[in-house]
Amino acid sequence: MSYLDTTIDVYKAAAITPDIGLCCTTSPIWQLPGLSMPKIMQEMNYGCGTTVHPRDLANNPNILYVGVGGGMELLQFSYFSRKKSGVIGVDVVEEMLQASRENFVQAEEENDWFNSDFVELKKGDALDLPLADESIDVAAQNCLFNIFKADELKKALQEMYRVLKPHGRLVMSDPICDQTMPDHLREDEKLRALCLSGSIPMKDYIKMLTDVGFGTVEIRAKRPYRVLSPNHYDVEENIIIESLEVCAIKDPMPSDGPCVFTGKAAIYYGNDEYLDDKKGHVLMQNQPLAVCDKTAYALADLNQKDIHITPSTYFYDGGGCC
């Protein structure tokens with residue numbers, strides 16, 4: 001039995017008998033007029049953070065969600081894409097798909113605007129998505145890809161990239177860990193299935209995205225998640241795991257490398273009205289500008305004493321230099 005088989009068994013059981021807090025902290029429910037979230041969906045909310053933001057769902061997009069859980073995020077996405085098969089949910093676990101179908105019946109009773117036809121559920125593997133090339137505007141996954149080992153993670157990201165339209169968005173929430181994860185934990189199939197020991201460093205996570213071809217990466221949030229402590233796990237010191245919320249955009253790759261936003265900002269406070277670096281970046285006097293890491297390094301290389309560049313906050317909310 002491979003670690004992927006173990007993962008299927010874990011989530012098959014969680015589909016049959018909801019397991020609150022199975023592997024992750026629960027993500028918040030969107031508070032929107034007329035949206036009522038069935039209790040069963042909340043109990044089956046197997047995610048580690050927030051994925052898609054409502055602003056990602058403008059203009060009636062086609063939405064893909066991989067790893068359906070109890071259908072909570074699918075229902076939330078449907079609020080913005082009220083068309084037949086506007087939201088597609090893919091899962092390899094048949095029991096989870098069936099649970100979602102049943103939960104949507106309850107959702108129809110609680111939401112007069114919702115129709116189960118808004119969501120198309122497909123049995124399929126994240127490593128071989130049953131969708132056409134460039135057919136999706138927004139793709140998402142929540143606390144799934146961290147389960148994969150490196151080769152499978154690369155394939156899953158390639159598949160998301162393949163099905164996204166140009167400038168489409170891949171929005172994800174996953175645990176990360178910047179410490180060295182002991183090998184015996186990494187090889188523990190149950191811990192990997194529980195979204196713990198598969199966590200990789202943030203820089204490696206970002207590199208996996210850019211290596212696939214995403215030209216823009218936004219770090220939207222980084223939050224505390226779990227502690228693997230010696231009194232509960234076979235470790236010599238505390239292993240700190242965080243939850244990362246990231247958006248990768250299928251933009252063309254810039255000639256000088258990807259634009260990665262980690263929450264840096266630049267402020268020009270010189271005597272002129274603005275500063276133009278002659279590379280497409282204009283800083284108005286004393287007006288903070290969100291900058292990608294690449295631009296932050298370039299501005300620092302100017303060696304001007306009247307530019308302040310902040311450290312990464314690991315919170316990016318749009319706009320900025322690119």
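Now for a look at the structure at hand. If you're wondering where the values come from, they're calculated on a predicted model, not measured in any experiment.

The next thing to look at is the environment of N231. Relative to the assigned elements, N231 resides in the loop between β6 (216–228) and β7 (239–249). Judged by its relative accessible area of 61%, N231 falls in the exposed class. Of note is the side chain of N231, whose polar atom sits 2.5 Å from the side chain of S229. A polar contact is formed between the side chain of N231 and the side chain of H232, at a distance of 3.3 Å.

Before going further, it helps to spend a moment on the environment of R162. Looking at the element boundaries, R162 is found in helix α5 (residues 150–163). Along the chain, R162 and S85 lie 77 residues apart, while their C-alpha atoms are 19 Å from each other. Not counting chain neighbours up to four residues away, the residues in contact with R162 comprise L129, L131, A132, D133, E134 and K250. Side-chain polar atoms of R162 contact the backbone oxygen of L131, separated by 2.9 Å.

A few words now on the sheet that holds strand β13 (residues 307–309). Strand order across the open sheet formed by three strands is β12-β9-β13, with antiparallel pairing between neighbours. Either end of the sheet is taken by a strand with one partner, and the two such strands are β12 (289–291) and β13. Within this sheet the neighbouring strands show an average axis-to-axis angle of 30°, counted without direction. The sheet contact formed by strand β9 (residues 264–268) and β12 spans three bridges and is antiparallel. Opposite A265, over in β12, you have A290 as the bridge partner.

So, about the side chain of E218. Mapped onto the elements of the fold, E218 is located in strand β6. Classification of E218 as buried rests on a relative accessible area of 9%. There is a polar contact of 3.3 Å between the side chain of E218 and the side chain of R220. In this structure E218 touches R169, E245, V246, C247, I249, F261 and Y316, once residues within four positions along its chain are discounted.

This part covers the packing of aromatic side chains. Within this structure, the stated rule accounts for nine aromatic pairs. With a centroid separation of 5.3 Å and an interplanar angle of 65°, the aromatic rings of Y79 and F80 are classed as edge-to-face. Residue class for Y79 comes out buried when judged on its relative accessible area of 14%. Here F80 falls in the partly exposed class, since its relative accessible area comes to 25%. Note on F145 and F148: the rings are 5.7 Å apart at their centroids and 45° apart in plane angle, and the pair reads as tilted. Counting every residue linked through ring pairs, the aromatic cluster contains Y79, F80, F104, W113, F114 and F118. K222 extends its terminal NZ or CZ atom over the ring of Y314, reaching a point 4.4 Å from the ring centre.

Attention now moves to the sheet that holds strand β3 (residues 119–123). Pairing within the open sheet is mixed, and its eight strands lie in the order β3-β2-β1-β4-β5-β7-β6-β8. The open sheet is flanked by β3 and β8 (259–261), the only strands paired with a single partner. Sheet twist, expressed as the mean angle between neighbouring strand axes with direction ignored, is 20°. Across six bridges, strand β4 (residues 136–142) lies against strand β5 (residues 164–176) in parallel orientation. From the neighbouring strand, A140 faces β5, where its bridge partner is V171. Across the face of the sheet, helix α4 (residues 94–110) comes into contact with β2 (87–91) and β3 while running at roughly 165° to β3. Helix α8 (residues 202–212) contacts β4, β5, β6, β7 and β8 of the sheet and is inclined by roughly 160° relative to β5.

About the thresholds
- All residue numbers refer to positions counted from 1 along the written sequence of the respective chain.
- For this predicted model, a pLDDT threshold of at least 70 governs which residues receive local features, and a threshold of 80 or more governs which side-chain atom pairs are given and counted, while totals over whole chains, interfaces and linings are taken from all residues.
- In computing side-chain properties, one takes all heavy atoms of the structure into account and sets aside hydrogens as well as water.
- Helix and strand labels come from DSSP, where a helix needs a run of H or I of at least four residues and a strand needs a run of E of at least two; each type is numbered from the N terminus.
- For each residue, the accessible area found with a 1.4 Å probe, counting protein chains only, is set against the maximum for its type, and the residue is called buried under 20%, exposed over 50%, and partly exposed in between.
- Whenever a nitrogen or oxygen atom comes within 3.5 Å of another N or O atom, the pair is scored as a polar contact, on the condition that within protein one atom can donate a hydrogen and the other can accept it, and that pairs from neighbouring residues in sequence are kept only if both atoms are in side chains.
- Whether two residues touch is decided by their heavy atoms; if any such pair falls within 4.5 Å, the residues are in contact.
- For two strands to pair, DSSP has to find at least two bridges joining them.
- To obtain an axis, a line is fitted to C-alpha atoms, over the contacting stretch when the element is a helix, and the angle between two such axes runs from 0 to 180 degrees between their N-to-C directions.
- Pairs were defined over the aromatic rings of Phe, Tyr and Trp, the Trp ring being its six-membered one, requiring ring centres within 6.5 Å. Orientation was assigned from the angle between planes: stacked under 30 degrees, edge-to-face over 60, tilted for the rest.
- Sitting over a ring, as applied to charges here, requires NZ of Lys or CZ of Arg to be within 6 Å of the ring centre and within 35 degrees of the ring normal.

In short, shape yes, function no, at least from these values alone.
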